[in-house]
Amino acid sequence: MAAWVLHVDLDQFIAAVEVLRRPELAGRPVVVGGSGDPTRRAVVATASYEAREFGVHSGLPLRLAARRCPDAVFLPADAPAYDAASAEVMAALREFDVVVEVLGWDEAFLGATTDDPEALAADLARAVLDRTRLHLSVGIGDNKLRAKLATGFAKPAGVYRLTRDNWFEVMGGRPTEALWGIGRRTAAKLADLGLHTVRELAAADERVLARRFGPTMGPWYRTLGLGAGGTEVTASPYVARSRSRETTFQEDLTEPAEIGAAVATLARRVARDVAAEGRPAARVAVKVRFAPFFTHTRSRTLPAPTSDPDELERAAGEVLALFELTRPVRLLGVRAEFPAP
DNA sequence: TCTGGGGTCCTAGGACCC
DNA sequence: TCTGGGGTCCTAGGACCC
Ligand SMILES: Nc1ccn([C@H]2C[C@H](O)[C@@H](COP(=O)(O)OP(=O)(O)OP(=O)(O)O)O2)c(=O)n1
Ligand SMILES: [Mg+2]
Ligand SMILES: [Mg+2]
């Protein structure tokens, strides 16, 4: 029997959860995000496949989504409901004789030993569907990177296998941005070096990449082009590095007293999350986004790690005081960081 | 019609220390 | 006039992902 990495990812996850609660929405364009009011400052968290037909996707401003798809149903994001759905899905996956490494709300790597990974994938999908009524797609790979990318070709509700045998055939001609870890900015820098496709990146001179992107990222980008990567799937429990809360205001804040009060509120919410972690925070950061859209952060290592709400609130206030609050403020955020392990 | 919220990891310069 | 070499911590910002 052979070792395989499977990657499972739910289809239109939070939209699907919403449709389960409101079956009359099935087949309609559904857009989830913000408070569900498309006139407010917010973006699309996800759109149902019906809504995506209209060019609506994650990250698109809600107002624009409403413009592109006026008939869509706009719903507020309900994080606790998605947490619960996610937990059910992960529990269903753990029933199998596999190692489950949860990646986020709606996806996981599975380490499996089998001679028929497609059959396993079908069994997983069936089990999750039976238990949660949610559809998922499965990527099968000879490492995590290929399994992860395979899932994209599996959607919707399918299975796809991507290995060293078909890597260049499938990925070679695609833009570097198709790789997991290369986004718009890096793809543009690679293009400046004449590297447009996955195949070109794979054949690139490592020294050139190292000079442009540093000794860690440069060579790593080339390995992405090759489809190379780790195979180890671990079930070790997730340990948070930080907890944060942030809010974008519908109208920019200008009053220092209002700004201070908002930071204090955020700090106390963060403090609750820190307490829930059961570990003290070692550092506090405050984020301020000024109008029209300039984002800055200031941070401070605490004299000693703490979980105390009063101390965290005070620290956040002191970090806020490092800013010159000249322009109107559209977003405030507070983050607590835990000590490095 | 501007541009969410919750995260992770990397870089780079200066401080500080040996 | 030329002025080591690391290592590590601190901070700010950038990039990416779901
Ligand atoms: N910019 C983003 C991307 C995603 N999400 C949330 C909502 C998604 O439902 C969930 C999972 O992200 P996916 O990228 O897996 O997207 P979906 O599951 O919605 O769709 P797909 O079927 O393409 O996986 O994470 C978000 O809030 N903001
Ligand atoms: Mg998904
Ligand atoms: Mg996902």
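The model shown is predicted, which means the values in this text are computed figures rather than measured ones. (Residues numbered from 1 in each chain as written. Chains lettered and ligands numbered in written order. Predicted model: local features only at pLDDT ≥ 70, side-chain atom pairs only at ≥ 80, totals over all residues. Heavy atoms only, no water.)

### Side note on the protein's contact with DNA strand B
Inclusion rule: Near, as used in this document, describes a residue that has one of its heavy atoms within 4 Å of the molecule or strand being considered. Pairs of N or O atoms are called polar contacts if they sit within 3.5 Å, as long as, within protein, a hydrogen donor faces a hydrogen acceptor (for residues adjacent in sequence, only side-chain-to-side-chain pairs). Secondary structure is summarised from DSSP: a helix means a run of H or I of at least four residues, a strand means a run of E of at least two, and numbering begins at the N terminus for each.
Near DNA strand B lie 25 residues; those nearest to it are Arg67, Ser242, Arg243, Glu246 and Thr248. Among the atoms of DNA strand B lying within 4 Å of the protein, the sugar-phosphate backbone contributes 66%. Taking Arg67, its side chain carries an N or O atom lying 3.3 Å from a base oxygen of DNA strand B. Residue Thr248 places a side-chain N or O atom 2.6 Å away from a phosphate oxygen belonging to DNA strand B. Elements represented by at least two residues in the surface near DNA strand B include exactly α3 (62–68), α10 (206–226), β9 (242–253) and β12 (329–337). Take the surface near DNA strand B: its biggest share by element is seven residues, from β9.

### Notes on the environment of Arg185
Positionally, Arg185 belongs in helix α8 (residues 184–192). For the pair Arg185 and Thr254, spaced 69 residues apart in the sequence, the C-alpha separation amounts to 33 Å.

### Quick look at the coordination of the magnesium ion (ligand 2)
For clarity, the cut-off: Atoms are scored as donors when they are N, O or S and lie within 2.8 Å of the metal, with 3.2 Å used for Na, K and Ca; no water is included, so coordination may look incomplete. By the criteria applied here, four donors are tetrahedral when all angles lie between 85 and 135 degrees, four are square planar and six octahedral when opposite donors are over 155 degrees apart and every other angle lies between 65 and 115, and any other arrangement is irregular. With a 1.4 Å probe rolled over the protein chains alone, any residue whose accessible area is under 20% of its type maximum counts as buried; one over 50% counts as exposed, and the rest are partly exposed.
Around the magnesium ion (ligand 2), the protein supplies Asp9 (OD), Leu10 (O) and Asp106 (OD) as donor atoms, at distances of 2.0 to 2.3 Å. Around the magnesium ion (ligand 2) sit six donor atoms, and with donor-metal-donor angles ranging over 79 to 179° the site reads as octahedral. Spacing between the donor residues of the magnesium ion (ligand 2) along their common chain follows D-L-x95-D. Judged by its relative accessible area of 15%, Asp106 falls in the buried class.

### Details of the coordination of the magnesium ion (ligand 3)
The coordination sphere of the magnesium ion (ligand 3), as far as protein atoms go, consists of Asp9 (OD), Asp106 (OD) and Glu107 (OE), spread over 2.1 to 2.3 Å. For the magnesium ion (ligand 3), the donor residues sit on a single chain with the sequence spacing D-x96-D-E. Separating the magnesium ion (ligand 3) and the magnesium ion (ligand 2) is a distance of 3.5 Å, and Asp9 donates to both of them. Taken together, the residues Asp9 in strand β1 (residues 2–10) and Asp106 in the loop between β5 (99–102) and β6 (107–114) connect sequence positions 97 residues apart. Asp106 shares its class with Asp9; the two are buried.

### Focus on helix α4 (residues 79–94)
Note the threshold: To estimate how far a helix should reach, multiply one less than its number of residues by 1.5 Å. The reported arc concerns the directions from the helix axis to the C-beta atoms and nothing else.
Here α4 spans 22 Å end to end across 16 residues, near enough to the 22 Å set by a 1.5 Å rise per residue. All buried positions along α4 are accounted for by Ala81, Tyr82, Ala85, Ser86, Val89, Met90, Ala92 and Leu93. The buried residues of α4 all sit within an arc of 165° when viewed along its axis, so they share a single face. Facing away from the buried side of α4 by more than 90 degrees, the exposed set consists of Pro80 and Arg94.

### Re the UniProt feature "active site" (unreviewed entry) in chain A
Where we set the bar: UniProt positions are given in the numbering used here, feature names are shortened, and annotations may be inferred rather than shown by experiment. Residue contacts are defined here by distance: any two heavy atoms, one from each residue, within 4.5 Å place the two residues in contact.
In this structure's numbering, the residues bearing the UniProt feature "active site" (unreviewed entry) are Glu107. Within the fold, Glu107 resides in strand β6. Residue classification places Glu107 among the buried positions, given a relative accessible area of 13%. Glu107 has contacts with His7, Val8, Asp9, Met90, Val102 and Lys148, leaving out every residue within four places of it along the chain. A distance of 3.0 Å separates a polar atom in the side chain of Glu107 from a polar atom in the side chain of His7.

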